[in-house]
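# Breakdown of the fold
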Amino acid sequence: MNDFDALLIRVAAQARALDIPISAQIHPEVAVNRRAAARFGCCRRQGKGYRIELSDRLLEAVEGACCQTLAHELLHTCPGCQNHGPRWKSYAQRMNAAYGYHIARTDTCEALGIPDCRPVRYLVVCDQCGLEYRRAKASRLVQHPERYRCRCGGTLTRRY
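Residues numbered from 1 in each chain as written. Predicted model: local features only at pLDDT ≥ 70, side-chain atom pairs only at ≥ 80, totals over all residues. Heavy atoms only, no water.

### A look at the sheet that holds strand β5 (residues 132-135)
Taken together, three strands build an open sheet; the order of strands is β5-β4-β6 and the sheet is antiparallel. Of all strands in the sheet, those with a lone pairing partner are β5 and β6 (156-158), marking the two edges. Mean inter-strand twist for the sheet, computed between neighbouring axes without regard to direction, equals 20 degrees. Here strand β4 (residues 122-126) runs beside β6; their pairing, made up of three bridges, is antiparallel. By the bridge assignment, Val-125 is partnered in β6 with Thr-157. (Pairing = 2+ DSSP bridges. Helix = DSSP H or I, 4+ residues; strand = E, 2+ residues; numbered from the N terminus. Axes fitted to C-alpha atoms, helices over the stretch in contact; angles between N-to-C directions.)

Following this line, the structure appears as structure tokens:
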């Protein structure tokens, strides 16, 4: 049993203590993905059960970041929570309130306290607040930043 497996047991117990209906059919061993560059975790359906997978980048993360990511993925095992819809969000809010997590639809390396080792080929910057959107691929945001707005309402410009 590695540390992820022990944390999975702990976080599953936390969810059950809040009467969150996580599946009883969760594989007890957390898989470690050594190729995941853009995501920290994944919940895969396997037969009648689920398998939780974490990025190897979390091996160097603090315990809280690992627990938060495991909680995010465990919530996907709840009925009707295979996406990030209202039911999933309500369960995430309950876990956040009870255990101090910051479970959200997506997370960042900075928020989890791990180094961001993904390549940055494109940079889009908000002209108003200076927030940077770093991208490895030429997404729609990169190709047409004028079609988008920053969270603050500012306009976006591609720097490179």
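### Overview of the packing of helix α2 (residues 63-75) against helix α3 (residues 86-99)
Closest axis-to-axis distance for the α2/α3 pair is 10 Å, and the angle between their directions is 145 degrees. When the axes of α2 and α3 are compared, the crossing they make is right-handed. Between α2, through Ala-71, His-72 and Leu-75, and α3, the contact on the second element is made entirely by Trp-88, Tyr-91, Ala-92 and Met-95. Here the contact of α2 with α3 is composed, by residue class, of six nonpolar, one polar and no charged. (Left-handed = near helix turned anticlockwise from the far one by under 90°. Contact = heavy atoms within 4.5 Å. Nonpolar A, V, L, I, M, F, W, Y, C, P; charged D, E, K, R; others polar.)

### Some remarks on the nonpolar core
Across soluble globular proteins, nonpolar side chains show a tendency to be buried alongside one another. In terms of nonpolar packing, the biggest core is built from 35 residues, with Leu-58, Leu-75 and Met-95 touching the most fellow members. Looking at which element gives the most residues to this core, the answer is α2, with seven residues. Once you skip the residues sitting within four places of it in the chain, Met-95 turns out to touch Val-11, Gln-14, Ala-15, Leu-18, Ile-20, Ala-71, Leu-75, Gly-100, Tyr-101 and Ile-103. Among the nonpolar cores identified, the runner-up in size contains seven residues, and Cys-126, Tyr-133, Cys-150 and Leu-156 belong to it. (Core = buried A, V, L, I, M, F, W, Y, C linked by side-chain atoms within 4.5 Å. Buried < 20%, exposed > 50% of the residue type's maximum accessible area, 1.4 Å probe, protein only.)

### Section: the pattern of salt bridges
Going through the model one piece at a time under the given rule, you end up with five salt bridges. The shortest N-O distance in the salt bridge between Asp-56 and Arg-34 comes to 3.9 Å. Pair noted here: Asp-56 is in the loop between β3 (49-55) and α2 and Arg-34 is in the loop between β1 (31-33) and β2 (41-46), with a separation of 22 residues, a long-range link. When the shortest N-O distance is used, the salt bridge between Glu-53 and Arg-44 registers 3.1 Å. Connected via shared salt-bridge partners are Arg-39, Arg-44 and Glu-53. (Salt bridge = Lys/Arg side-chain N within 4 Å of Asp/Glu carboxyl O.)

### Observations regarding the side chain of Ser-55
Along the polypeptide, Ser-55 turns up in strand β3. Under the relative-accessibility criterion, Ser-55 is labelled buried at 1%. Those residues in contact with Ser-55 that lie beyond four places of it in its chain are Asn-33, Ala-36, Arg-39 and Phe-40.

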